[in-house]
Amino acid sequence: MDLGLQGRVAVVAAASEGLGYAAARALAAEGARLAICSRRADAIERAARSIGEATGAEVLAVTADVSRAQDVARLVEAVDRRYGQVDVLVTNAGGPRVGTFFELSDADWQAAFDLLVMSVVRMVRGFVPLMRKTGRGGSILALTSYSLKEPISGLMLSNTMRAALAGLLKTLSQELGGEGIRVNVIVQGRFDTERVRELDRIRAQREGITPEQVVRRYADQIALRRYGHPDELARVIAFLASDAASYVTGAALTIDGGLVKGLL
Ligand SMILES: NC(=O)c1ccc[n+]([C@@H]2O[C@H](COP(=O)([O-])OP(=O)(O)OC[C@H]3O[C@@H](n4cnc5c(N)ncnc54)[C@H](OP(=O)(O)O)[C@@H]3O)[C@@H](O)[C@H]2O)c1
């Protein structure tokens, strides 16, 4: 299927590795022109080079921490200067601090709010004006977590902030739909990335078992009996970003190999 993304401009946040990187590469492979960001200058430059070499796409790399207002403003400015408009925005960030309720301070809560909620607020506020310039609407996709569907033990901050995002994004889909701007939520299960390897190491340490045993235990709860590969998420993101998904908005799409057991 031709997704019609040729020449479209896609911004992918937190994309030097993991799920953001895979999403950016998939969009580039479909012909999109990219802007990607992350905090480490060397890592994001390396990612841009590798995507450019693999796909031939134009890639703008910006060093930016999405939890900081001034960095998001700089990212928006850089994209405006280079491309002047935006078709696709994929919001993403690193994972918040691990911890149960009494292990977390006010500063931890504030940091998680800035990282997971305010980053999306600020990116949407900054990039929607550039989407309006295309005259053909746009697509906003927010990476969240399956903690939005069922709380993950020991991840109080993720469990709380992802739920807030669900409210924000559903409301945005209503407010922006009239302009042809679609807003959808990606509810990802467990994918093999550095973040998940780190979480599995922490859990193994807490429970006195090996990381391999943690992986096996999770995999046994997944219908497909394995973690996902980031490219398996990225292909769905490319589809939802494109006009092929022109009637999909306000949806929270679970991509988890059958991990979540709820009916909805
Ligand atoms: N992997 C999964 O299975 C899974 C499941 C559920 C939810 N999630 C969530 O999905 C998100 C991405 O996960 P991942 O597995 O891809 O993580 P990852 O492999 O650790 O990659 C995180 C990426 O985000 C960048 N980043 C981190 N903090 C940032 C910030 N403040 N501003 C800008 N960029 C930042 C990192 O680059 P720099 O270090 O250069 O900034 C890196 O490119 C996380 O929020 C995670 O909690 C992941």
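Residues numbered from 1 in each chain as written. Predicted model: local features only at pLDDT ≥ 70, side-chain atom pairs only at ≥ 80, totals over all residues. Heavy atoms only, no water.

For the protein, the name recorded in an unreviewed UniProt entry is SDR family oxidoreductase, with Geochorda subterranea as its organism. Quoted straight from UniProt, the Sequence similarities (unreviewed entry) entry for the protein says "Belongs to the short-chain dehydrogenases/reductases (SDR) family." (UniProt positions renumbered as here; feature names shortened; annotations may be inferred.)

Participant: Let's hear about the overall build of the protein: which residues, and what values?
Facilitator: Looking only at helices and strands, the protein has 8 helices and 7 strands in total. Taken over C-alpha atoms, the radius of gyration comes to 18 Å for the protein, in line with the 18 Å a tight globule of 264 residues would show. In terms of overall dimensions, the protein has a C-alpha envelope of 55 × 40 × 40 Å along the principal axes. Every one of the 264 residues in the protein was classed for burial, and the buried ones make up 51%. Counting only contacts in the protein whose residues sit at least 6 apart along the sequence, the fraction spanning at least 24 positions is 72%. Within the structure as shown, the protein displays about 12200 Å² of accessible surface, and the carbon and sulfur contribution to it stands at 52%. (Helix = DSSP H or I, 4+ residues; strand = E, 2+ residues; numbered from the N terminus. Rg over C-alpha atoms; globule rule 2.2 N^0.38 Å. Buried < 20%, exposed > 50% of the residue type's maximum accessible area, 1.4 Å probe, protein only. Contact = heavy atoms within 4.5 Å. Areas by Shrake-Rupley, 256 points an atom, 1.4 Å probe, with all protein chains shown as cover.)

Participant: Requested: an account of the pairing of strand β3 (residues 59–63), with residues and values cited.
Facilitator: Pairing analysis gives 5 bridges linking strand β2 (residues 33–38) to β3, with the strands arranged parallel. Bridging from a neighbouring strand, S38 pairs with T63 of β3. Remark: the β2/helix α2 (residues 41–55)/β3 crossover connection has right-handed handedness. (Pairing = 2+ DSSP bridges. Right-handed = clockwise from strand over helix to strand, strands pointing away.)

Participant: Give me the sheet that holds strand β5 (residues 138–143): which residues, what numbers.
Facilitator: Judged by pairing direction, the sheet is parallel, and its 7 strands sit side by side in the order β3-β2-β1-β4-β5-β6-β7 without closing on themselves. Each edge of the open sheet is held by one strand with a lone partner, namely β3 and β7 (252–255). Averaged over all adjacent pairs, the angle separating strand axes in this sheet is 15 degrees, with direction ignored. Bridging between strand β1 (residues 9–12) and strand β4 (residues 88–91) involves 3 bridges; their strand directions are parallel. In the sheet register, V12 faces β4, and the bridge partner there is V90. (Axes fitted to C-alpha atoms, helices over the stretch in contact; angles between N-to-C directions.)

Participant: Describe the domain arrangement of the protein, with residues and values.
Facilitator: Here the protein is described as being made up of domain 1 (9–191 + 229–255) and domain 2 (192–227). For domain 1 and domain 2, the distance between their C-alpha centroids amounts to 25 Å. If you look at the interface, domain 1 gives 16 residues, while domain 2 gives 13 residues. Of the roughly 1200 Å² buried at the junction of domain 1 and domain 2 (both faces included), carbon and sulfur atoms supply 48%. The three residues of domain 1 that bury the most area against domain 2 are V98, R190 and F191, which together make up 51% of that side's buried surface. Counting every contact that joins domain 1 to domain 2 gives 3 salt bridges. (Domains from an automatic or database assignment. Buried area = accessible area lost by both parts, 1.4 Å probe. Salt bridge = Lys/Arg side-chain N within 4 Å of Asp/Glu carboxyl O.)

Participant: Pulling in residues and values, what's your account of the nonpolar core?
Facilitator: Of all hydrophobic cores here, the largest spans 55 residues; its most connected members are V79, V86, L89, F127, I140 and L169. Apart from the residues within four sequence positions on either side, L169 is in contact with V120, A142, V183 and V185. By size, the runner-up hydrophobic cluster in this structure holds 36 residues, among which are A57, L141, L143 and L233. (Core = buried A, V, L, I, M, F, W, Y, C linked by side-chain atoms within 4.5 Å.)

Participant: Can you explain the pattern of salt bridges? Please cite residues and give values.
Facilitator: Under the defined criterion, the tally for this structure stands at 20 salt bridges. For D243, the salt bridge is made with R8, and the minimal N-O distance between the two is 3.2 Å. Of this pair, D243 sits in the loop between α8 (230–241) and β7 while R8 is found in the segment before β1, placing the two residues 235 residues apart along the sequence. The class for D243 is partly exposed, based on a relative accessible area of 44%.

Participant: Describe the side chain of D71, listing the residues and the values that go with them.
Facilitator: Within the secondary structure layout, D71 lies in helix α3 (residues 69–83). With sequence-adjacent residues up to four places away left out, D71 is seen in contact with A64 and D65.

Participant: Account for the packing of helix α1 (residues 18–29) against α2, naming residues and giving values.
Facilitator: Relative to each other, α1 and α2 sit at 30 degrees, their axes nearing to 9 Å. On the basis of the axis angle, α1 is roughly parallel to α2. As α1 packs across α2, the resulting crossing turns out to be right-handed. From α1, Y21, A24, R25, A28 and A29 reach across to α2, where they touch A47, S50, I51 and T55. Considering only residue class, the contact of α1 with α2 consists of 6 nonpolar, 2 polar and 1 charged. (Parallel < 35°, antiparallel > 145°, perpendicular 65-115°, else oblique. Left-handed = near helix turned anticlockwise from the far one by under 90°. Nonpolar A, V, L, I, M, F, W, Y, C, P; charged D, E, K, R; others polar.)

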